[in-house]
Amino acid sequence: MILALNWKMQLLPSQAGPWAERLAELSSNWPAGLELALFAPFTHLSALAAALRGSRVALGAQDLSAEQFGAHTGDVAAEMLADLGCSQVLVGHSERRSEHAESDRLIGRKLARARSAGLLPLLCLGEPWEVRQRGGQLEYSLAQLEAALEVAGEGPLRLAYEPVWAIGTGKSCHPEDAAQVSLALKRRLPGAAVLYGGSVNAANLAQFLRPELDGALVGGASLKLEQVAEMAALCG
Ligand code: 13P
């Protein structure tokens, strides 16, 4: 089971190290089959890499540039993340798609860049509410996956099914619906791990621990260590 924590744009860099040291300490007693990853803002990664070194928690960034080294002011290259100690990276989170107008093509290029630097990409997919209302969630998520693969080709990849309407709303997806989307994604990409994300917390995680899903990508609840510890305990 994979428990992936997405801090989004929260906490200060000075708070990140002590938080992660505690996480590393606590996690040594968590279930052996649990895989942990923490996705943090660029500014926090250096402190987190130091705090998590030698622990079981993988470190990841929340985005990366689609470009190689060069004149790209404000961008961060995949190799920079790898050099800092990241082993994973989120790609195509719905907040990147909506707030930064990231296209499927750009997301495909980011996927390819991540892979070429040895980072494992966690591609986020999921439909808006209008699509869900007409029952188009399978086709929508599959089309997002297809569009990214068309650019990036085959290779190491994890997926997170995060329906846009379930993110930060307290209204999580019905576990059966998440399972159906996961199965469809796995049919297209056999062997790929598929996480569910969208208002997951310690109170509802158990519903998503089912054979069709490989874990959860947690936003808001990932900021509270007690919540993380409770969720980890459920993953035994
Ligand atoms: P919430 O858990 O806050 O709904 O966020 C989910 C998410 O977007 C994780 O990437």
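Look up a bit, the structure's there.
Note on numbering: residues in each chain are counted from 1, in written sequence order. Totals for whole chains, interfaces and linings use every residue, but because this is a predicted model, local features are given only for residues with pLDDT of at least 70 and side-chain atom pairs only at 80 or more, for both listing and counting. Note that the side-chain values use all heavy atoms of the structure and ignore hydrogens as well as water.

A. Looking closely at the packing of aromatic side chains. By convention, a stacked pair of Phe, Tyr or Trp rings (six-membered ring in the case of Trp) has centres within 6.5 Å and planes under 30 degrees apart, an edge-to-face pair has planes over 60 apart, and any other such pair is tilted. Across all of its chains, the model carries 4 aromatic pairs by this definition. Judged by centre distance (5.3 Å) and plane angle (65°), the ring pair of Trp129 and Trp165 falls under edge-to-face. Within this pair, whereas Trp129 is found in helix α6 (residues 129-133), its partner Trp165 is found in the loop between β6 (158-161) and α8 (175-188), the two being separated by 36 residues in sequence. Look at Trp165 and you get buried, because its relative accessible area is 10%. Taken together, a centroid distance of 4.3 Å and an interplanar angle of 10° make the contact between Tyr196 and Phe208 stacked. Pair noted here: Tyr196 is in strand β7 (residues 194-197) and Phe208 is in helix α9 (residues 205-208), with a separation of 12 residues, a long-range link. The cut-offs for exposure are 20% and 50% of the maximum accessible area for each residue type, with area from a 1.4 Å probe on protein chains only; residues under the lower value are buried, those over the upper are exposed, and the others partly exposed. On the basis of relative accessibility, which here comes to 0%, the residue Tyr196 falls in the buried class. Among the aromatic side chains, those forming a connected cluster through ring pairs are Tyr161, Tyr196 and Phe208. Whether a charge sits over a ring comes down to the Lys NZ or Arg CZ being within 6 Å of the ring centre and within 35 degrees of the ring normal. Over the ring of Trp129 we find Lys171, and its NZ or CZ is 4.4 Å from the ring centre. Counting from the N terminus, the helices are the DSSP runs of H or I reaching at least four residues and the strands are the DSSP runs of E reaching at least two.

B. Quick peek at the site of the ligand. Surrounding the ligand, one finds 13 residues, the nearest of these being Lys8, His93, Gly168, Ser199 and Gly220. As used in this structure description, the phrase polar contact means that two N or O atoms lie within 3.5 Å; if the pair is within protein, one of them must be able to donate a hydrogen and the other to accept it, and residues adjacent in sequence are counted only when both atoms belong to side chains. In this structure, an oxygen atom belonging to the ligand sits 2.9 Å away from a side-chain N or O atom of Asn6. Within the side chain of Lys8, an N or O atom sits 2.8 Å from an oxygen atom of the ligand. Areas reported here follow the Shrake-Rupley algorithm with a probe of radius 1.4 Å; residue values treat only the protein chains shown as occluding. For the ligand, whose accessible area on its own is 310 Å², the fraction buried by protein is 95%. Asp, Glu, Lys and Arg are counted as charged, while Ala, Val, Leu, Ile, Met, Phe, Trp, Tyr, Cys and Pro are counted as nonpolar; the rest, among them Gly, fall into the polar class. Of the residues belonging to the shell around the ligand, the class tally is 4 nonpolar, 7 polar and 2 charged. By convention in these notes, a residue is near a molecule or strand provided one of its non-hydrogen atoms lies within 4 Å of it.

C. A look at unusual backbone geometry. The phi torsion at Lys8 lies on the positive side, around 55°, for a residue other than glycine. Examined against the element boundaries, Lys8 turns out to sit in the loop between β1 (2-6) and α1 (13-27). Residue Lys8 is classed as partly exposed on the basis of its relative accessible area, which comes to 21%. Phi is positive for Leu11, which is not a glycine, with a value near 65°. Along the chain, the position of Leu11 falls in the loop between β1 and α1.

D. Just the environment of Ile167, in detail. Mapped onto the secondary structure, Ile167 falls in the loop between β6 and α8. Taking the C-alpha atoms as reference, Ile167 lies 16 Å from Phe39; in sequence the two are 128 residues apart. Should any heavy atoms of two residues lie within 4.5 Å, those residues are counted as being in contact. Apart from residues no more than four positions distant in its own chain, Ile167 is found in contact with Lys8, His93, Ser94, Glu95, Glu162, Gly198 and Ser199.

E. Spotlight on the environment of Asn204. In this fold, Asn204 is placed in the loop between β7 and α9. On the basis of relative accessibility, which here comes to 11%, the residue Asn204 falls in the buried class. When near neighbours in sequence (up to four residues on either side) are disregarded, Asn204 contacts Ser172 and Ser199. For Asn204, the side chain forms a polar contact with the main-chain nitrogen of Asn201, separated by 2.8 Å.

F. Inspection of the packing of α1 against helix α2 (residues 45-52) at higher detail. A fitted line through C-alpha atoms serves as each axis, taken over the contacting stretch for helices, and the angle formed by two N-to-C directions is quoted from 0 to 180°. Look at α1 against α2: their axes get within 8 Å of each other, and the N-to-C directions meet at 20°. Here α2 runs roughly parallel to α1, going by the angle between their axes. Note on packing geometry: the crossing formed by α1 with α2 is right-handed. Residue-level inspection shows Pro13, Ala16, Gly17, Ala20, Glu21, Leu23 and Ala24 of α1 in contact with α2, the latter providing Ala47, Leu48, Ala51 and Leu52. Across the contact of α1 with α2, the residue classes break down as 9 nonpolar, 1 polar and 1 charged. Convention used here: angles under 35 degrees read as roughly parallel, angles over 145 as roughly antiparallel, angles from 65 to 115 as roughly perpendicular, and any remaining angle as oblique. Handedness of a helix crossing follows the sense of rotation of the near helix relative to the far helix, less than a right angle counterclockwise being left-handed and clockwise being right-handed.

This is a description of form; function is not addressed.
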